[in-house]
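Observations on chain architecture
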Amino acid sequence: MKKVAVLGSTGSIGVQALQIIDGNPELSLHSILCNANIEKLNLQREKFNPSVACMVEPSSKADSKIISGDFAIEAAIDEADLVLNAIVGSAGLKASLMTVERGLSLALANKESLVAGGDLLEDSIEKGLIIPIDSEHSTIFRCLQGESRCTGITLTASGGALRNMSADKMKNTSPSDVLAHPTWNMGARITVDSATMVNKAFEVMEAGWLFPGVPVDVVIHPQSIIHSFVRMADGSWKALLGSPDMRIPIQYALLYPDGRLNEVTTDIPADWGNLELLEVEKDKYPAFNLVMQAGKDGKGYPAVANAADEIAVAAFLKGRIGFGGIAKVIEIALEQHNPVEISTFDDVMDADKCARRDAEMAVEKLC
Ligand code: MG
């Protein structure tokens with residue numbers, strides 16, 4: 001049995017991972033870790049009976065068996081065979097680094113690990129320690145099994161809730177319009193990031209780290225049935241299709257390389273209807289263009305783009321800035337950044353901290 005540590009167990013990916021582990025005899029739940037949601041953590045302890053339960057924020061409501069504070073992550077991953085990292089935000093990078101330093105396999109759902117800390121995880125990717133959980137990257141990873149050469153990657157993007165809106169109208173759209181995502185049911189930040197296409201720019205960066213040396217492209221696919229494409233040496237393409245369900249990539253990562261996959265979805269091709277593939281209208285997505293450029297510039301720029309986007313999206317959701325303000329905040333933070341090479345965790349955190357300050361100041365100005 002493979003002993004799994006689930007970091008970020010109370011979030012959407014974590015909750016689905018616990019169900020998959022519970023329903024598969026090849027997997028056992030070693031530990032769960034959450035940030036601060038003690039009520040949900042306690043329910044999960046009762047239901048799934050992990051050997052270890054941890055919480056990052058200390059709480060007076062936690063009983064003595066819950067490990068909290070500075071050693072929480074360490075306690076959760078020690079003695080695990082596989083670590084699923086679904087921590088939200090840049091805190092997840094630390095957990096990823098601790099996992100690969102121990103030589104453990106990392107099922108990765110934390111975006112910031114590769115976006116902000118790709119430089120620090122490069123060797124571990126080469127060693128094959130990282131299995132992606134993001135649906136696009138999981139698809140590419142699967143399509144490349146048994147293939148020796150791939151000449152291109154095309155990520156599919158739904159285009160988010162505002163795909164059919166004109167660029168002008170988009171600028172003044174409200175949080176509730178943006179949060180009504182047509183195909184994927186996700187957290188608030190990623191749903192906004194999907195409407196700005198910033199999420200896709202981050203995914204291009206992630207693909208760059210996971211599948212080095214292969215050009216990465218983006219195509220709009222509103223139905224979210226095709227979960228990305230891989231172009232083979234002979235010019236033919238491979239893809240993974242099916243109705244969008246994160247349990248598919250989660251289960252795949254947990255059972256990789258040779259576990260028995262359970263049936264998760266039951267849709268058939270006739271259910272999918274028309275599948276459209278459209279070019280990205282670049283002028284509609286200024287934040288996407290900025291973050292794509294940050295990815296090309298490398299160094300601290302991706303970390304800055306990530307931190308600035310987080311601040312900008314929070315400000316948008318609180319009604320402090322308009323939808324069009326998100327790109328402006330990112331732009332200002334990137335301009336303020338003094339580029340440095342990223343060689344340690346602290347380098348990433350420094351870039352992150354400065355960018356948050358610059359982005360906050362930009363929000364103040366736009367308010
Ligand atoms: Mg994705």
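Right above here is the structure, for reference.
If you're wondering where the values come from, they're calculated on a predicted model, not measured in any experiment.

**Some details on the packing of aromatic side chains**
With the rule as written, the count across this model stands at 4 aromatic pairs. Note on Phe141 and Tyr256: the rings are 5.0 Å apart at their centroids and 65 degrees apart in plane angle, and the pair reads as edge-to-face. Of the two residues, Phe141 sits in helix H6 (residues 135-143) while Tyr256 sits in the loop between helix H11 (247-255) and helix H12 (286-297), which places them 115 residues apart along the sequence. For Phe141, a relative accessible area of 15% translates into the label buried. Since its relative accessible area comes to 22%, Tyr256 is described here as partly exposed. Ring centres 5.6 Å apart and planes at 70 degrees place the aromatic pair Phe316 and Phe323 in the edge-to-face group. Its relative accessible area of 1% is what places Phe316 among the buried residues. Aromatic ring contacts, followed pair by pair, group Phe141, Tyr252 and Tyr256 into a single cluster.

**What to know about the coordination of the magnesium ion**
Octahedral six-donor coordination of a metal ideally yields angles of 90 or 180 degrees, compared with 109.5 degrees for tetrahedral four-donor coordination. Donor atoms from the polypeptide that bind the magnesium ion are Asp134 (OD), Glu136 (OE) and Glu203 (OE), placed at 2.1 to 2.3 Å. The buried category is assigned to Glu136, whose relative accessible area is 8%.

**Things to note about the nonpolar core**
Among the nonpolar cores identified, the biggest contains 118 residues, and Leu84, Ile250, Leu254 and Phe323 are the most heavily contacted of them. Top contributing element to this core by residue count: helix H13 (residues 301-317), with 11 residues. Here Leu254 is in contact with Lys2, Val4, Ala17, Ile20, Ile21, Leu27, Leu82 and Leu84, once residues within four sequence places are set aside.

**Some words on the environment of Glu360**
Relative to the helices and strands, Glu360 resides in helix H15 (residues 345-366). Given a relative accessible area of 33%, Glu360 falls into the partly exposed group. Spatially, the C-alpha atom of Glu360 lies 8.8 Å from that of Ala315, the residues being 45 residues apart in sequence. In this structure Glu360 touches Ile311 and Arg320, once residues within four positions along its chain are discounted.

**What to know about H11**
Taking burial as the measure, the 9 residues of H11 include 7 buried ones, the bulk of the element. Of all the residues in H11, the buried ones are Pro249, Ile250, Gln251, Tyr252, Ala253, Leu254 and Leu255.

**Re the pairing of strand S6 (residues 105-108)**
The sheet contact formed by strand S5 (residues 82-85) and S6 spans 4 bridges and is parallel. Across the sheet, the residue bridging to Val83 is Leu106, located in S6. Since S5 and S6 lie parallel, the crossover through helix H4 (residues 91-101) that links them has a hand, and here it is right-handed. Bridge analysis of S6 against strand S7 (residues 130-132) gives 3 bridges, and the strand direction is parallel.

Conventions and cut-offs
- Residues numbered from 1 in each chain as written.
- Predicted model: local features only at pLDDT ≥ 70, side-chain atom pairs only at ≥ 80, totals over all residues.
- Heavy atoms only, no water.
- Phe/Tyr/Trp six-rings, centres within 6.5 Å; stacked < 30°, edge-to-face > 60°.
- Helix = DSSP H or I, 4+ residues; strand = E, 2+ residues; numbered from the N terminus.
- Buried < 20%, exposed > 50% of the residue type's maximum accessible area, 1.4 Å probe, protein only.
- Donors = N, O, S within 2.8 Å, 3.2 Å for Na, K, Ca; no water.
- Core = buried A, V, L, I, M, F, W, Y, C linked by side-chain atoms within 4.5 Å.
- Contact = heavy atoms within 4.5 Å.
- Pairing = 2+ DSSP bridges.
- Right-handed = clockwise from strand over helix to strand, strands pointing away.

None of this, on its own, says anything about what the molecule does.
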